[in-house]
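Residue-level structural notes
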Amino acid sequence: TADCLVSAPTGSGKTWIASEAIRRLLADGMRVWYASPLKALSNALYREFQRDFGPGMCGILTGDRKENPQAPVIVGTTEILRNQLYDAMHQGASIGADLVILDEAHYLSDPDRGVVWEEVLIYLPSRVRLLLLSATIPNADELAAWLQENRGVPADVVRHEERPVPLEMLFLSPDGSISHLGGPKGLSSRVRKSLREGAAPLPYSEVVRCLRKLDLLPAIFFLKSRADCDRAVRVCSASGPPPGKRERARAEVSAFLSRHPHLEGARQLRSLQEGLAGAHHAGQLPAWKLLVERMMDKGVLEAIFSPSTVAAGVNFPARTVVLVQSDRFDGRTFRDLSARELHQMIGRAGRRGKDRIGFAVVLPGPYQDPELLL
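In this report, we go over the structure that sits alongside the text. Here the residue numbers are simple positions, counted from 1 along each chain's written sequence. Confidence filtering applies because this is a predicted model: local features only for residues at pLDDT of at least 70, side-chain atom pairs given and counted only at 80 or more, and all residues used for totals across whole chains, interfaces and linings. Calculation of side-chain values draws on the structure's entire complement of heavy atoms; hydrogens and water are dropped beforehand.

1. Structural notes on the sheet that holds strand 10 (residues 178-180)
Two strands are said to pair when DSSP picks up at least two bridges between them. For helices the rule is a DSSP run of H or I covering at least 4 residues; for strands it is a run of E covering at least 2, with both sets numbered from the N terminus onward. Spatial strand order, 10-9-19-16-13-15-14: 7 strands in an open sheet with mixed pairing. Every other strand in the sheet has two partners, leaving strand 10 and strand 14 (277-279) as the edge strands with one partner each. With direction set aside, neighbouring strand axes in the sheet form an average angle of 25°. Of the strand pairs in this sheet, strand 13 (residues 219-223) and strand 16 (residues 320-323) are connected by 4 bridges, and their pairing is parallel. Following the sheet pairing, Phe222 is matched in strand 16 by Leu323. The sheet strands contacting helix 6 (residues 189-197) are strand 9 (167-172) and strand 10, and the helix crosses strand 10 at an angle near 130°. What makes two residues a contact is simply this: any of their non-hydrogen atoms within 4.5 Å. Here, axes are lines fitted to C-alpha atoms. For helices the fit covers the stretch in contact, and angles between N-to-C directions go from 0 to 180 degrees. Across the sheet, helix 7 (residues 204-213) is in contact with strand 9, strand 13, strand 15 (303-307), strand 16 and strand 19 (358-362); its angle to strand 13 comes to roughly 150°.

Structure below.
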């Protein structure tokens, strides 16, 4: 009978709350629309919900995929949901959903895309219940009050602030040694000494070797551009993973290519099979991104290289995230990472049920300010 806003760290069970809500509505013959900001996240959730509720019960609507659109559970991007609301209003109809789930609800504050979330909240009929999920909403009570005022429906807040997997911030020096980044008093003395010496940072292939030796894989590397991700994958093709892992990777790729033969000439196939490394960004074919996602989900890959701008949509299990710079390009200029953007990235570190600790590894570089990340 009420809308609900859940604010809790990544990995703390927000998707479980959504799954239980979906399960209860399906038992009553009702329909659900699950909206996320990015196609990668929608794809991952679609696979998860197909496993949970059955393939026939789920559909997906993104700019790349349209499957089973009449299913009682639809997963898609927030823009598609907003467009459906436009169509329903134009036709004088009501959207075919009894519950709308908005993932990554903090996008409300995004200067470029926030208007889409606002329009969904404003145009959604009050009969449709809302469930908002986010790891980074500092003003959850204020947002709930705004929802209640505008929709005329009570809005509850569920808040949890403790990470399910504790996080350690580490620094990987150019000599391959690793140390704690620092603490309440600032950067550690070892980190300050390394920064003063100013040696060239390790290439990504060496970083992967170091992380493998320290048992810190799999890792997600957040880089500044698609081109950087593609270059990083190429240099990691010979980073030396164990032969047994390569055999498993070849088997996974072979099984996927039997269903998607148009990928057989993909340039990064060798890196995926031999280096156990993949790039994941918006410039790739949907089927290729799906392959990378599935291999990471199954624990086959050691490293994924992804732009920092899609941190919200990366939904892979990773023990470690690697931060190579403390700024990002916002479409107009480079600026320091915001606290929300940093939390979004480091929130991917630590696999619930697999890792006792997650790790964020900071690399030195010309565009890196470790104190900003501490």
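2. Topic: helix 5 (residues 140-151)
In an α-helix, one full turn covers 3.6 residues, which means residues spaced three or four apart are oriented alike. For helix 5, built from 12 residues, the straight-helix expectation of 16 Å at 1.5 Å per residue is met to within 8% by its first-to-last C-alpha distance of 16 Å. Along helix 5, the positions that sit buried rather than exposed are Ala140, Leu143, Ala144, Leu147 and Arg151. One side of helix 5 holds all its buried residues, which, seen down the axis, span an arc of 100°. Residues of helix 5 that are exposed and angled more than 90 degrees away from the buried face: Glu142 and Glu149. Looking at the packing, one finds that the buried side of helix 5 touches strand 1 (3-7), helix 4 (114-123), strand 7 (129-134) and strand 8 (155-159). Note on helix 5: the residue one or two positions beyond its end, Gly152, has a positive phi of about 70°. Multiplying 1.5 Å by the residue count of a helix minus one yields the expected span of that helix. Remark: exposure states derive from per-residue accessible area (1.4 Å probe, protein chains only) relative to the maximum for the residue type, with buried under 20%, exposed over 50%, and partly exposed in between. Here, the arc refers to the directions that run from the helix axis to the C-beta atoms.

3. Points about the sheet that holds strand 8
Within a sheet, neighbouring strands are paired by backbone hydrogen bonds and run either parallel or antiparallel to one another. The 8 strands are arranged 4-3-5-2-6-7-1-8 in an open sheet whose pairing can be described as mixed. The open sheet has two edge strands, strand 4 (66-67) and strand 8, and neither has a second partner. When strand 6 (residues 99-102) meets strand 7, the two strands line up parallel, connected through 4 bridges. By the bridge assignment for strand 7, Ile101 is matched with Leu131.

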